[in-house]
Amino acid sequence: MAAKTVLISGAGVAGPTLAYWLARAGYRPTVVERAAGLRSSGSPVDVRGPAAEVMRKMGLTERVREAATEVASLRFVNDRGKRVGRVAMSDGGGTDVELTRTDLARILYDASAEDAEYVFHDSVIGIEQDAGGVDVTFDRGAPRRFDLVVGTDGLHSGVRRLAFGPEREFVEHMGVYVATMPFDGPVPHRSEIVMYNSPGRAVAVHPSREHGIVAFMFRHAAVPDFDYRNAEQHKRLLETAYAGAGWRVPELLEQVRTADDLYLDSVSRVRLPSWASGRVVLAGDAASCVSLFGDGSTLAIAGAHTLATELAATPEDPASAFRRYEATHRKLVNPRQRNVPMAAAMLIPATRAGMAVRNFGTRLVPLVNAAQKLALAKSA
Ligand SMILES: Cc1cc2nc3c(=O)[nH]c(=O)nc-3n(C[C@H](O)[C@H](O)[C@H](O)COP(=O)(O)OP(=O)(O)OC[C@H]3O[C@@H](n4cnc5c(N)ncnc54)[C@H](O)[C@@H]3O)c2cc1C
């Protein structure tokens, strides 16, 4: 019998992981990616716990370690750059690794490229399914029919819009926007993220690997005409949100004005009652985004592996495979999703009093880890 064909939309983290494991299970994966090549956004992401185990099974542990950043701690500074708190970030030589999303996507692409078909610079614009398969139309390429379609195309998933409904039904703005851009200049410390807060806003300089990265995170109600692809709107938002801020913010805003690689988007939580609709299923951020708070890349890798495992177990019954994937993976996702508001409160306190409490707390316990453990314990 001919191998089953699967279209995977999105070559980020979940897509290539899924392609790798489906090919090993005897499927024929095709990955379509909107970008002309692998994306260059270099935000640091994490490979932890269940994802580290998946990477080990893929024989990628060494490659991931080689690409790791050297970050070991997060330092909070005040208006004058003086240290007011510090949090240890490393797991003390354990399996957790931080690396840039670009490096992670490249490693996963390399691992899967031989056994999957990759189509760059195209995207799905139409999905019609019947009992036997899915007819897909593309922006550029000719229409094709697949046995299954998987949306791993991130927060603003096109597959989700086409097969499940409009974005506004599933994407919840968490009251925070995040922007990143390459840092122009030498980073202060190779092993330390430096973060400055004033009420409702934070700026961090992350050393990353070759070039540092600046991240702006600020509380803001949903902007009614927000467009995640409109760089001029993003620059105006940052100017307004950071007016009057101290530390190195004026200098960083200068860099924003001339930046041609600025990313800005809403910190959002994606929640759907079901991740499957017939022969179409979602994975990674498209199904369950937690944005920068809560192990999104780990969830993307672990979820893709679980989905492939279940499809391998019952290739003739994808609906039951989707149900088992969802039942298993939601156990990992749900606590992380509940954790998002608390993590946001810790990193971007809304008031001066909140900042003082947070900074004092960092002297007692590793804050972010503690926040996560607390949230997990509550949800257990
Ligand atoms: C600023 C920031 C900081 C973060 N920090 C962390 C962190 O510290 N730790 C952590 O674990 N996670 C972090 N995350 C989250 C992490 O990056 C995501 O959870 C993870 O990348 C999700 O993987 P994914 O494959 O589902 O989606 P993505 O990595 O977003 O990949 C989606 C892919 O689909 C492509 N695509 C989009 N639309 C289409 C379309 N219509 N057709 C075809 N292709 C399409 C995109 O170009 C992209 O390549 C952060 C996220 C952000 C934004």
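Thresholds applied
Residues numbered from 1 in each chain as written. Predicted model: local features only at pLDDT ≥ 70, side-chain atom pairs only at ≥ 80, totals over all residues. Heavy atoms only, no water. Helix = DSSP H or I, 4+ residues; strand = E, 2+ residues; numbered from the N terminus. Buried < 20%, exposed > 50% of the residue type's maximum accessible area, 1.4 Å probe, protein only. Contact = heavy atoms within 4.5 Å. pLDDT = per-residue confidence, 0-100. Axes fitted to C-alpha atoms, helices over the stretch in contact; angles between N-to-C directions. Parallel < 35°, antiparallel > 145°, perpendicular 65-115°, else oblique. Left-handed = near helix turned anticlockwise from the far one by under 90°. Nonpolar A, V, L, I, M, F, W, Y, C, P; charged D, E, K, R; others polar. Near = heavy atom within 4 Å. Polar contact = N/O pair within 3.5 Å; in protein donor to acceptor, adjacent residues only side chain to side chain. Areas by Shrake-Rupley, 256 points an atom, 1.4 Å probe, with all protein chains shown as cover. Pairing = 2+ DSSP bridges.

- Per an unreviewed UniProt entry, the protein chain is named FAD-dependent monooxygenase, and its organism is Amycolatopsis rhabdoformis.

**Observations regarding the environment of N197**
Phase 1: One can find N197 in strand β13 (residues 192-198).
Phase 2: Sequence spacing of N197 and R168 is 29 residues, and the spatial spacing of their C-alpha atoms is 30 Å.

**Section: the environment of V6**
Phase 1: On the secondary structure map, V6 appears in strand β1 (residues 5-9).
Phase 2: When its relative accessible area of 0% is taken as the criterion, V6 is described as buried.
Phase 3: Here the alpha-carbon distance between V6 and A142, two residues 136 residues apart in the chain, equals 16 Å.
Phase 4: Discounting residues that sit within four places of it in the chain, V6 has contacts with L22, Y27, R28, P29, T30, F146, L148 and V150.

**Some words on the confidence of the model for the protein chain**
Phase 1: Averaged over all residues, the pLDDT of the protein chain is 90; the fraction at 70 or higher stands at 92%.
Phase 2: Throughout residues 372-380 the model reports pLDDT below 50, and contacts reaching past four residues in sequence, or to other chains, amount to 10 contacts.

**A few points about the packing of helix α9 (residues 296-313) against helix α10 (residues 318-347)**
Phase 1: Two numbers describe how α9 lies on α10: the axes approach to 8 Å, and their chain directions differ by 155°. Comparing their axes, α10 and α9 come out roughly antiparallel. When you trace α9 past α10, the crossing you get is right-handed. Facing α9, whose interface residues are L299, A302, G303, T306, L307, E310, L311 and A313, α10 presents P318, A321, F322, R324, Y325, T328, H329, L332, V333 and R336.
Phase 2: Grouping the constituent residues of the contact of α9 with α10 by class yields 11 nonpolar, 4 polar and 3 charged.

**A closer look at the site of the ligand**
Phase 1: Near the ligand you find 31 residues, and of these V13, A14, E33, D285 and S297 are the closest.
Phase 2: One of the backbone N or O atoms of V13 is found 2.8 Å from an oxygen atom in the ligand.
Phase 3: A distance of 3.2 Å is found between an oxygen atom of the ligand and a backbone nitrogen or oxygen belonging to G296.
Phase 4: Protein burial of the ligand: of its 1000 Å² of free accessible surface, 89% is covered by the chains.
Phase 5: Partitioning the shell around the ligand into residue classes produces 10 nonpolar, 12 polar and 9 charged.

**Comments concerning the sheet that holds strand β7 (residues 117-120)**
Phase 1: Taken together, the 6 strands give an open sheet; going across it, the order is β7-β2-β1-β11-β18-β17, and neighbouring strands pair in mixed fashion. Edge positions in the sheet fall to β7 and β17 (276-277), since each of these pairs with one other strand and no more.
Phase 2: As defined by bridge partners, strand β11 (residues 148-151) adjoins strand β18 (residues 280-282) across 3 bridges and the pair is classed as parallel. The residue of β18 that forms the bridge with V149 is V280.

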